[in-house]
Amino acid sequence: MFESNFDKVLEDCDNLWKIHKKNKGDSWRRMGFAVIANLVKEEYHEWRNNYRNTLKAIADNESDKEIEYEEEQYQELLDLINVCLIAAEKLRMEDDKK
């Protein structure tokens, strides 16, 4: 999926983080960790649905749909990474308070 271009993936994640901060600011800082953990689960399920849709399109030999689902799958994976980074930062912040 990444085609040996992990630097691009990290750049995309960084851009997504900037968009997240611009659109949502630091609202995640006020969320409880359980809420953020549920967001991680939701993003995972969204990615998994696109993954399954991609596999189905491959099985059905529908290359246009396959490409579409792969692109959606990539965006969901970036969202998942982003939420995981938020969760990690939230844990770090809570640890720093102790």
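Please read all numbers here as calculations on a predicted model, not as lab measurements. (Residues numbered from 1 in each chain as written. Predicted model: local features only at pLDDT ≥ 70, side-chain atom pairs only at ≥ 80, totals over all residues. Heavy atoms only, no water.)

Engineer: Sorry if this is basic, but what is going on with the overall build of the chain here?
Structural biologist: Looking only at helices and strands, the chain features 3 helices and 0 strands. Going through the 98 residues of the chain one by one, you find that 26% of them count as buried. In the chain, once contacts between residues fewer than 6 apart in sequence are set aside, the share between residues at least 24 apart is 74%. Of the accessible surface of the chain, which amounts to about 7100 Å², a share of 51% is contributed by carbon and sulfur atoms. (Helix = DSSP H or I, 4+ residues; strand = E, 2+ residues; numbered from the N terminus. Buried < 20%, exposed > 50% of the residue type's maximum accessible area, 1.4 Å probe, protein only. Contact = heavy atoms within 4.5 Å. Areas by Shrake-Rupley, 256 points an atom, 1.4 Å probe, with all protein chains shown as cover.)

Engineer: What exactly am I supposed to notice about helix α3 (residues 63-97) here?
Structural biologist: Since the α-helix packs 3.6 residues into each turn, any two residues three or four apart lie on the same face. The end-to-end C-alpha separation of α3 is 51 Å, in line with the 51 Å expected for 35 residues at 1.5 Å each. All of the buried residues along α3 are Q73, Y74, E76, L77, L78, L80, N82, V83, I86, A87, K90 and M93. (Expected span 1.5 Å × (residues − 1).)

Engineer: Is there a simple way to think about the packing of aromatic side chains in this case?
Structural biologist: The description of an aromatic ring pair rests on the distance of the ring centres and on the angle between the ring planes. One pass over the full model with this rule turns up 2 aromatic pairs. Ring geometry for Y44 and W47: centres 5.9 Å apart, planes at 35 degrees, overall tilted. Pair noted here: Y44 and W47 are both in helix α2 (residues 33-59), with a separation of 3 residues, about one helical turn. Given the relative accessible area of 35%, Y44 is considered partly exposed. Look at W47 and you get buried, because its relative accessible area is 18%. With a centroid separation of 5.3 Å and an interplanar angle of 15 degrees, the aromatic rings of W47 and Y51 are classed as stacked. Pair noted here: W47 and Y51 are both in helix α2, with a separation of 4 residues, about one helical turn. (Phe/Tyr/Trp six-rings, centres within 6.5 Å; stacked < 30°, edge-to-face > 60°.)

Engineer: Please clarify how the pattern of salt bridges should be interpreted in this entry.
Structural biologist: Once their charged atoms are close, side chains differing in charge can pair, the charge on each being opposite to the other. With the rule as written, the count across this model stands at 3 salt bridges. Among the salt bridges present, the one from K56 reaches D60, with a minimum N-O distance of 2.6 Å. Because the salt bridges share partners, they merge into one network encompassing E89, R92 and D96. (Salt bridge = Lys/Arg side-chain N within 4 Å of Asp/Glu carboxyl O.)

Engineer: Sorry if this is basic, but what is going on with the nonpolar core here?
Structural biologist: Across soluble globular proteins, nonpolar side chains have a tendency to be buried as a group. Residues W28, I36, V40, W47, L77, L80, V83, I86, A87 and M93 constitute the largest nonpolar core, which totals 10 residues. Contributing elements (two or more residues each) for this core: α2 and α3. Looking at this core, the element that brings in the most residues is α3, giving 6 residues. If we ignore the near neighbours within four places in the chain, the residues touching I36 are W28, M31, V83, I86, A87 and K90. Listed in part, the 5 residues of the second largest apolar core include V9, L16, Y74 and L78. (Core = buried A, V, L, I, M, F, W, Y, C linked by side-chain atoms within 4.5 Å.)

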